[in-house]
Amino acid sequence: MSLLNMTFRNVQRNFRVYTIYLFAMITGVMVHFTFSSLMYNQDILDVLNNKESFQTGVSIASVVIFLFIIFFILYANSFFMKQRKKEFGLYLLLGMKESQITRMVFVENLLIGSFSLVIGILLGGLLSKFFGMALMNLMQYDNVITLNFPYQAIGSTIFLFLLLAIIASIQSFFMISRVQLVELFHAKEKMEKPIPSSFIMAALSLMLLATEFFLISRGKESSIWQDHLTFAMIAVTVGMIGGTYLFFRQFSGWLLQKIRQKHNFHEGNRVLWISSLRFQIRSNTLNLTFISLFSATIIFLIGFVSINYAVQFEAVGRNLPNDIAFQSLDKETNEKIDAKIKNSDHSIEYHKTLEALVGKPNTNMDLAFENPEYFSKDVFLFPEKAYNEIISLRGNQEEIHLGDMEAVTLSQGTDYPKPFPSDQLPRFKVNVNEDITLKLIEKKDYALLGWASDPVQSMILKPAVLVISDEAYQNLKSKAKTVHFEIYEIENEKQAESLSTDIHAIVTKKPDTYYSSFADVYSKQIEGSSLMLFAAAFLAVIALFALASVIYFKQLREATEEQRQYSILRKIGTADRELKSVIRKQLLFVFFPPLVLGILHSWLILKYYILDSVQDFPQLTSILWFIFAIYFVIYVLFYLSSANLYYKIVNQKY
């Protein structure tokens, strides 16, 4: 019999096992081609303002996605090979060499891979149209995406999955060569022993987790994180990883042991599912730890990028509150710019000229501005009247009223804006041709001028702005250097990239002149955050497939190994309803703790390090709860499908 004939007969005899592996391959091809084809889709590239950034981002994401696919396929192949150990043992007994078996497996991988490529590329092409439309919707573009099969995406997919077939064959060779012939025939008959557990190690797992939760809940502004950052990070890492591992390795074993020692242990079907779990702790520990940490990572990733996307639309407006703003030049240039705006498609809603005093700080900028490296070295002093007039035009009613030498610092981007205690007002010294001392009464997360911008580089630097009383301003004006800023509010500011480019070219003829435009940043920020959310969602889908494969193949293997035990239970009269109850309780113990720990890990980090930094966006909490709900539903579906699959396998004739 030829190698090819033997391969076809193997597929026919083990069709169910091959179907599982084939599904894994098709899924991998489909996902990779879907994402790759988006990178070369001309309909998408024609719309984007930042094509190079998009392609770079997609390329990086493609690499990460392919690494996930490698894990997914190799895990499936590992299960596939373990299920066939008896078959390979028979081949070795009949005189076949390991190299011949490896060639046979390689041919199988090529056949499965070829079929997977055809089906996966066809399905991936259809999905790329759907996901392309979703990406356009995220970016708030109305363009139509046509069905497309870019040859670059087809070529890269074929190359990468040929490489994957080779890697899978190498993995198969090592799995065959490392196992003794006798072990191959008894691969499914090994029984695990319960791991000895102690109260001390069980308590240690809870202490590690409690330490992690405590440190995270202190928040990044606490003295622990400010003064002992390295120690806190190490403690959180050890608590998260070590605590989770010991929780499943020791605490779960100790808990099951305590339940086993109860006087009512033999009542109902408790003895069946608890005894089974005690024997599975050794093999399940790493899987459950991985599932918990992986779940936390997935939830955190989706939560973070969803928050980033949700705040971008408003955050761009906060970072650059003026549609167009620039430092006044000579009268002729100002009039030229004004005429250019009036002759554009963007009519002027209002135009204001603001005057400010220029000063040199004599006090450390950290006192007034968070992350001072992002602010200008000079400070600009504006009168409260000008500030109140501008915020009124923006629809903001939070006017400020200052006493003599009092000041408010506009530290736009600060995580924790705050008024200073009246008896502890910081003193900030500024030189405006004479030294003055200002009493800071509040640090605001607000921008009067906003980031200086560039059509190419986007945001560059923020003007350091202090608002002082009108009385103090008038007293200092005659002695200080003044500067004027032109502020325009225009219609359709989101589509003003071309106008901004023209004005920027005029303003920057004089070096180091302040210029800011909402349009310079909006498209880049929205496209960037949309791509980040899209890529993260795609990665989450792949991650869920990887997680499902870990759960699915693990339960499939354990169910196969326990067919004999369940066959005995049926013979002694155990009803099907009772067997289903045992399986559900057994799997609930496996599924529920990783879900709870994963949600706890991710929620604490998102709550104390993301949500607390963006308290002006109350809707973000609802977004996170929605993500948790979706993940919970998906996880419940995993649980129900695994329980159903488990029952079907153990119910087969042994």
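Residues numbered from 1 in each chain as written. Predicted model: local features only at pLDDT ≥ 70, side-chain atom pairs only at ≥ 80, totals over all residues. Heavy atoms only, no water.

Caption draft 1: Local environment of the overall build of the protein. The secondary structure content of the protein amounts to 20 helices and 11 strands. Counting the 654 residues in the protein, one finds 52% classified as buried. Considering only contacts within the protein whose residues lie at least 6 apart along the sequence, 84% involve residues at least 24 apart. Approximately 31400 Å² of the protein is accessible, and the part contributed by carbon and sulfur atoms is 60%. (Helix = DSSP H or I, 4+ residues; strand = E, 2+ residues; numbered from the N terminus. Buried < 20%, exposed > 50% of the residue type's maximum accessible area, 1.4 Å probe, protein only. Contact = heavy atoms within 4.5 Å. Areas by Shrake-Rupley, 256 points an atom, 1.4 Å probe, with all protein chains shown as cover.)

Caption draft 2: How the structure looks around the pairing of strand E3 (residues 375–383). Taking burial as the measure, the 9 residues of E3 include 7 buried ones, the bulk of the element. In the sheet, E3 pairs with strand E9 (residues 458–468) via 6 bridges, with the strands oriented parallel. Bridged to Pro383 within E9 is Ile468. (Pairing = 2+ DSSP bridges.)

Caption draft 3: View of the packing of helix H19 (residues 576–609) against helix H20 (residues 619–650). As a packed pair, H19 and H20 sit with axes 9 Å apart at the nearest point and diverge in direction by 155°. As summarised for this structure, H19 and H20 are arranged roughly antiparallel, according to the angle between their axes. In this structure, H19 crosses over H20, and the sense of that crossing is right-handed. The residue makeup of the contact of H19 with H20, split by class, is 22 nonpolar, 3 polar and 3 charged. (Axes fitted to C-alpha atoms, helices over the stretch in contact; angles between N-to-C directions. Parallel < 35°, antiparallel > 145°, perpendicular 65-115°, else oblique. Left-handed = near helix turned anticlockwise from the far one by under 90°. Nonpolar A, V, L, I, M, F, W, Y, C, P; charged D, E, K, R; others polar.)

Caption draft 4: Representation of empty space enclosed by the protein in the model. The final tally for this structure, using the stated rule, is 4 cavities of 30 Å³ or more. Approximately 70 Å³ is the volume found for the largest cavity. If you trace the largest cavity, you find it lined by Asn284, Asn287, Leu288, Ile291, Val550, Ile551, Lys554, Gln555, Val590, Phe591 and Tyr635. When the residues that make up the lining of the largest cavity are grouped by side-chain class, the tally is 7 nonpolar, 3 polar and 1 charged. By volume, the second largest cavity is sized at about 60 Å³. (1 Å grid on protein atoms, 1.4 Å probe; cavity = no way out; pocket = protein on both sides within 12 Å on 5 of 7 lines; lining within 4 Å. Points joined across faces, edges and corners; volume = space filled by probe spheres on them.)

Caption draft 5: Representation of unusual backbone geometry. You will see that Asn371, though not glycine, has its phi angle at about 55°, which is positive. By secondary structure assignment, the location of Asn371 is in the loop between strand E2 (348–361) and E3. The class of Asn371 is partly exposed, set by a relative accessible area of 37%. For Met405, which is not glycine, the phi dihedral falls at a positive 65°.

Caption draft 6: Structural detail: the pattern of salt bridges. All told, the structure shown has 7 salt bridges when counted by the stated rule. Residue Lys444 is joined to Glu398 by a salt bridge in which the shortest nitrogen-to-oxygen separation is 3.9 Å. In this pair, Lys444 is assigned in strand E7 (residues 435–444) and Glu398 in the loop between helix H14 (384–393) and strand E4 (406–410), connecting sequence segments 46 residues apart. Accessibility expressed as a relative area gives 52% for Glu398, which makes it exposed. Note that Lys479 and Glu434 form a salt bridge whose closest N and O atoms lie 3.1 Å from each other. In this pair, Lys479 sits in the loop between helix H15 (470–477) and strand E10 (481–490) while Glu434 sits in the loop between strand E6 (427–431) and E7, placing the two residues 45 residues apart along the sequence. (Salt bridge = Lys/Arg side-chain N within 4 Å of Asp/Glu carboxyl O.)

Caption draft 7: Quick look at the pairing of E2. Pairing of E2 with E10 involves 10 bridges; the strand directions are antiparallel. Bridge pairing in E10 places Glu355 opposite His484. Sheet topology note: the E2/E3 ladder contains 3 bridges and is antiparallel. Bridging across to E3, Leu357 finds its partner in Leu381. In the sheet, E2 pairs with E6 via 2 bridges, with the strands oriented antiparallel.

Caption draft 8: How the structure looks around a nonpolar patch on the surface. Side chains of Leu110, Leu162, Ile166, Ile170, Phe173 and Phe174 sit close together on the surface and give an oily, nonpolar patch of about 480 Å² of accessible area. A per-element tally of the nonpolar patch places helix H7 (residues 151–177) first, with 5 residues. Looking at where Ile170 falls in the secondary structure, it is placed in helix H7. Take Ile170: its relative accessible area is 44%, and that puts it in the partly exposed class. (Patch = residues over 30% accessible without salt bridge, like charges linked within 9 Å, V, L, I, M, F, W, Y side chains within 5 Å.)

Caption draft 9: Local environment of the layout of surface pockets. Here the second largest pocket is characterised by a volume of approximately 890 Å³. Looking at the second largest pocket, it is lined by 33 residues, and the ones nearest its centre are Ala315, Gly413, Asp415, Ser613 and Val614. The set of elements that each furnish at least two residues to the lining of the second largest pocket consists of helix H12 (270–319) and E9. Looking at the lining of the second largest pocket, the element that brings in the most residues is H12, giving 8 residues.

Caption draft 10: Quick peek at a positive patch on the surface. A surface patch of positive charge is lined by Arg577, Lys580, Arg584 and Lys585. On the secondary structure map, Arg577 appears in helix H19. (Lys, Arg positive; Asp, Glu negative; His and termini not counted. Charge placed at Lys NZ, Arg CZ, Asp CG, Glu CD.)

Caption draft 11: The arrangement of the confidence of the model for the protein in detail. Looking at the protein, pLDDT values average 80 and 87% of them are 70 or higher. Within the model, pLDDT remains below 50 along residues 187–191, and this stretch shows 6 contacts once partners closer than five positions in the same chain are excluded. (pLDDT = per-residue confidence, 0-100.)

Caption draft 12: Summary view of helix H13 (residues 331–342). Across its 12 residues, H13 extends 16 Å between first and last C-alpha, which sits within 8% of the 16 Å expected from 1.5 Å per residue. For H13, the full list of buried residues reads Thr333, Asn334, Ile337, Asp338 and Ile341. When H13 is viewed along its axis, its buried side chains cluster within an angular range of 135° and face the same direction. When the buried face of H13 is taken as reference, the exposed residues oriented beyond 90 degrees from it are Lys331, Glu332 and Lys342. Residues of H13 that are buried in the fold lie against strand E1 (324–327), E2, E10 and helix H16 (497–507). (Expected span 1.5 Å × (residues − 1). Arc of directions from axis to C-beta.)

Caption draft 13: Seen up close, the side chain of Ser37. Tracing the chain through its elements places Ser37 in helix H2 (residues 15–39). Take Ser37: its relative accessible area is 2%, and that puts it in the buried class. At a separation of 2.9 Å, a polar atom in the side chain of Ser37 contacts the main-chain carbonyl oxygen of Thr34. Polar contacts involving the side chain of Ser37 include one to the side chain of Ser128, which spans 3.5 Å. If near-sequence neighbours (up to four positions away) are discounted, Ser37 is found in contact with Ser128, Pro150 and Ala153. (Polar contact = N/O pair within 3.5 Å; in protein donor to acceptor, adjacent residues only side chain to side chain.)

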